[in-house]
Amino acid sequence: MTEIAELIDNDFLRQYELKVEDEMAVIEYSLQERKIFLTKMIIPDTIKTTEFEKDFLAMVFADIKERNISVVPTSPEIAKFVRSNRKYKRMLPVGIRI
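Residues numbered from 1 in each chain as written. Predicted model: local features only at pLDDT ≥ 70, side-chain atom pairs only at ≥ 80, totals over all residues. Heavy atoms only, no water.

Engineer: Sorry, what's going on with helix α1 (residues 50–67) here?
Structural biologist: Each α-helix winds once per 3.6 residues, and so residues spaced three or four apart point in a common direction. Across its 18 residues, α1 extends 26 Å between first and last C-alpha, which sits within 8% of the 26 Å expected from 1.5 Å per residue. Against β2 (15–20), β3 (23–32), β4 (35–42), β5 (70–73), α2 (76–84) and α3 (86–89) lie the buried residues of α1. Just beyond α1, the residue with positive phi is Asn68, at close to 60°. (Helix = DSSP H or I, 4+ residues; strand = E, 2+ residues; numbered from the N terminus. Expected span 1.5 Å × (residues − 1). Contact = heavy atoms within 4.5 Å.)

What follows is the structure, given as structure tokens:
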């Protein structure tokens, strides 16, 4: 992983994209009212590492925090990330526990 481009919110395809070299990592979402549902994470095997996954999710959560909306992680990998990082639990809507 030498060259990481900036995080792109592709609202037409409803996904966050991060291009690394010739590969594209994606987190699909659904936006409803003041909540964003993170539904699926796709990271090619050639760039998939635990550290890359954490960094990618941290970038996505930073963007969501800037937009001041709540997060509902419906993907198991993303829910696991939220469980292991207490600071992101504050971004969950009232009544949602992970």
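Next comes the rest of the description.
Engineer: For this particular structure, what's the right way to read the packing of aromatic side chains?
Structural biologist: Each aromatic ring pair is characterised by the separation of its centres together with the angle its planes make. A complete count under the given rule lists five aromatic pairs for this structure. For the pair Phe61 and Phe81, a centre-to-centre distance of 5.6 Å together with 50° between the ring planes defines the contact as tilted. A residue pair is termed long-range when its members are at least 10 positions apart, and Phe61 in helix α1 and Phe81 in helix α2 qualify at 20 residues. Residue Phe61 is classed as buried on the basis of its relative accessible area, which comes to 1%. On the basis of relative accessibility, which here comes to 7%, the residue Phe81 falls in the buried class. Ring-pair connections join several aromatic residues into one group, and the members of that group are Phe61, Phe81 and Tyr88. (Phe/Tyr/Trp six-rings, centres within 6.5 Å; stacked < 30°, edge-to-face > 60°. Buried < 20%, exposed > 50% of the residue type's maximum accessible area, 1.4 Å probe, protein only.)

Engineer: Would you explain the pattern of salt bridges in this entry?
Structural biologist: Two side chains carrying opposite charge are able to pair once their charged atoms lie near each other. Under the criterion given, the structure shown has two salt bridges. Residues Asp9 and Arg67 are paired through a salt bridge, measuring 3.0 Å at the closest nitrogen-oxygen approach. Of this pair, Asp9 sits in strand β1 (residues 8–10) while Arg67 sits in helix α1, placing them 58 residues apart in sequence. According to the relative accessible area criterion, Asp9 is partly exposed, its value standing at 29%. Arg67 sits in the partly exposed class, given a relative accessible area of 28%. Between Asp63 and Arg67 there is a salt bridge; the shortest N-O distance is 3.7 Å. Taken together, the positions of Asp63 and Arg67, both in helix α1 and four residues apart, correspond to about one turn of that helix. If you follow the salt bridges from partner to partner, you end up with Asp9, Asp63 and Arg67 in one network. (Salt bridge = Lys/Arg side-chain N within 4 Å of Asp/Glu carboxyl O.)

Spatial relationships are all this shows, so hold off on functional conclusions.
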